[in-house]
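# Descriptive structure summary
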Amino acid sequence: MFGKKKNEDDTEKVMKVSADNLTMITIGTIVKGIITIAGGLHLEGTLEGDIICKGKVVIGPQGKVKGNVNCDTAVLYGLLQGDIRATNELYMKSGCMVKGDVYTRKLEIEPNAGFDGVCNTTGMNAPVKEKNTKMEKVLVVEEK
């Protein structure tokens, strides 16, 4: 009467991860290592390592990342010390600080957002490219 149906199998009850799933790392949490996520990430804690995310990454006002970020879209309110590659959009909100290079298609920087690095943006149809490592020598001459 109650219980399993005749052809029901327990192995089929494994939850599937979708891009809408959100992983939260809260204030006071310290993570060391590489984080790979199929959905989205909201970080209010501290991460010493890289983020590889198929969805949206939000580094909250209390969030701190010392490492590189690879994602689809990013919204930064906190601190990022490392390069970020957002294949679609990157939003640097007021109060955030980025110390590293940026690679994205669309970039929006609010007043009072800090940015110390090189910005590389591409057209909407062009893929985000890796960092150009060509070194150039610059000679500074003073005029008197």
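So, how was this worked out
For every chain, the first residue of the written sequence is number 1, and numbering continues from 1 onward in sequence order. Only residues with pLDDT of 70 or above have their local features reported here, since the model is predicted, and side-chain atom pairs are shown and tallied only from 80 upward, although totals for entire chains, interfaces and linings are computed over all residues. Excluding hydrogens and water, the side-chain values take into account all heavy atoms of the structure. When DSSP locates at least two bridges between a pair of strands, those strands are taken to pair. Only DSSP runs of H or I with at least four residues qualify as helices, and only runs of E with at least two residues qualify as strands; both kinds are numbered from the N terminus onward. Lines fitted to C-alpha atoms define the axes, with helix axes restricted to the stretch in contact, and inter-axis angles between N-to-C directions lie between 0 and 180 degrees. Any two residues whose heavy atoms approach within 4.5 Å at even a single point are treated as in contact.

Here we take up the pairing of strand S7 (residues 56-59). Bridge analysis of strand S4 (residues 40-43) against S7 gives 3 bridges, and the strand direction is parallel. Opposite His42, over in S7, you have Val58 as the bridge partner.

The next thing to look at is the sheet that holds strand S2 (residues 30-32). With parallel pairing, 6 strands are arranged side by side in an open sheet as S2-S5-S8-S10-S12-S14. Strands with a single pairing partner mark the edges of an open sheet, and in this sheet they are S2 and strand S14 (114-116). On average, each strand axis in the sheet is inclined to that of its neighbour by 5°, with strand direction left out of account. As paired elements, S2 and strand S5 (residues 46-48) share 3 bridges and run parallel to each other. The residue bridging Ile30 from the neighbouring strand is Thr46, located in S5.

This next bit is on the environment of Val102. Locating Val102 in the fold gives a position in strand S13 (residues 102-109). C-alpha separation for the pair Val102 and Thr121, spaced 19 residues apart in sequence, amounts to 7.9 Å. In this structure Val102 touches Ile84, Leu90, Met92, Leu107, Phe115, Val118, Cys119 and Asn120, once residues within four positions along its chain are discounted.

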